[in-house]
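Listed below are the residues making up each chain.
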Amino acid sequence: VQLQASGGGLVQAGGSLRLSCAASRRTFRRDALAWFRQAPGKEREFVAAERWSGGSTYYADSVKGRFTISRDNVKNTLYLQMNTLKPEDTAVYYCAAGSRAIASTITTTLPYDYWGQGTLVTVSS
C-alpha cells in the first residue's frame, strides 16, 4: 500500500478534524501531495496540495482559511487539518501523490498516480 488515509469521522458543524495519510518513503517524495474529496453523487474535487520542492501550497477556494495541509518528512505522513467544518465538507477524502505537476494541473487529478483508499468525513448540522 503506497498511501493510507485515516482520521475521518463524525463531527458537528464548527468542529475540527485532522486527517493523516501515511506513505512509503518513495511515494512521499514525489513532486506533489494532495487531498481530494468526493461527496455522494458528485465528482471528485481538489481540496489542497503541497509541492515537495519549495513547499508551495494550494487550496480550493471553498476551504481556504479553514483547512491547512502539512507534512512530516520524518514520519512520511501528510496531514489535513480541517477547522470550522461545515455540512458541505461531508465527503470521502482521498490523499494522492503525483509527479511533474505544474501550476495548471496541480489542482486537478491529472498529475496524481497514487491514491489512498479514502476516509469518510461526516459533518452534522
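In case you missed it, the structure is sitting above this.
Parameters at a glance
Residues numbered from 1 in each chain as written. Predicted model: local features only at pLDDT ≥ 70, side-chain atom pairs only at ≥ 80, totals over all residues. Heavy atoms only, no water. Disulfide = S-S within 2.5 Å. Helix = DSSP H or I, 4+ residues; strand = E, 2+ residues; numbered from the N terminus. Buried < 20%, exposed > 50% of the residue type's maximum accessible area, 1.4 Å probe, protein only. Salt bridge = Lys/Arg side-chain N within 4 Å of Asp/Glu carboxyl O. Phe/Tyr/Trp six-rings, centres within 6.5 Å; stacked < 30°, edge-to-face > 60°. Lys NZ or Arg CZ within 6 Å of the ring centre and 35° of its normal. Pairing = 2+ DSSP bridges.

(A) View of the state of the cysteines. For the structure on display, the rule yields one disulfide. Each sulfur in the disulfide pair Cys21 and Cys95 lies 2.1 Å from the other. Negative torsions about the S-S bond denote left-handed disulfides, and the value of about 65° found for Cys21 with Cys95 makes this one right-handed. On the criterion of sequence distance, the pair formed by Cys21 in strand 3 (residues 17–23) and Cys95 in strand 9 (residues 91–98) is long-range, its members being 74 residues apart. For the pair shown, Cys21 and Cys95 are each scored as buried.

(B) Just the pattern of salt bridges, in detail. All chains considered together, the criterion is met by six salt bridges. Between Asp31 and Arg51 there is a salt bridge whose closest N-O contact spans 3.2 Å. Here Arg51 lies in strand 5 (residues 45–51) and Asp31 lies in the loop between helix 1 (25–28) and strand 4 (32–38), a separation of 20 residues in the sequence. Note that Arg37 is salt-bridged to Asp89, the shortest N-O span being 2.9 Å. In this pair, Arg37 sits in strand 4 while Asp89 sits in the loop between strand 8 (77–82) and strand 9, placing the two residues 52 residues apart along the sequence. When sorted by exposure, Arg37 lands in the same class as Asp89, which is buried. Several salt bridges converge on common partners, so that one network encompasses Arg37, Glu45, Arg66 and Asp89.

(C) Geometry of the packing of aromatic side chains. The tally for this structure, following the rule as stated, stands at five aromatic pairs. Centre to centre, the rings of Phe36 and Phe46 are 5.7 Å apart; their planes meet at 75°, and the pair counts as edge-to-face. Placement of Phe36 in strand 4 and of Phe46 in strand 5 is noted, with a sequence separation of 10 residues between them. The class of Phe36 is buried, set by a relative accessible area of 1%. For Phe46, a relative accessible area of 10% gives the class buried. With 5.4 Å between their ring centres and 75° between their planes, Phe36 and Tyr112 make a pair best called edge-to-face. Of this pair, Phe36 sits in strand 4 while Tyr112 sits in strand 10 (residues 112–115), and the two are 76 residues apart along the sequence. Residue Tyr112 is classed as buried on the basis of its relative accessible area, which comes to 5%. The ring of Tyr94 is capped by Arg44, whose NZ or CZ atom sits 3.8 Å from the centre of that ring. Sitting over the face of the ring of Trp115, Arg44 holds its NZ or CZ atom 4.8 Å from the ring centroid.

(D) Focus on the pairing of strand 7 (residues 67–72). A one-sided burial pattern is seen for strand 7, the buried positions being Phe67, Ile69 and Arg71 and the unburied ones Thr68, Ser70 and Asp72. Across six bridges, strand 7 lies against strand 8 in antiparallel orientation. When the sheet's bridge partners are listed, Ile69 is paired in strand 8 with Leu80. Here strand 7 folds back onto strand 8 in antiparallel fashion, the turn holding four residues, of which Asn76 has a positive phi close to 55°.

(E) How the structure looks around unusual backbone geometry. A positive phi is found at Asn76, a non-glycine position, where the angle reads about 55°. With respect to the secondary-structure elements, Asn76 resides in the loop between strand 7 and strand 8. Asn76 gets classed as buried once you look at its relative accessible area, which sits at 13%. Look at Thr84: it is not a glycine, yet its phi comes out positive at around 50°.

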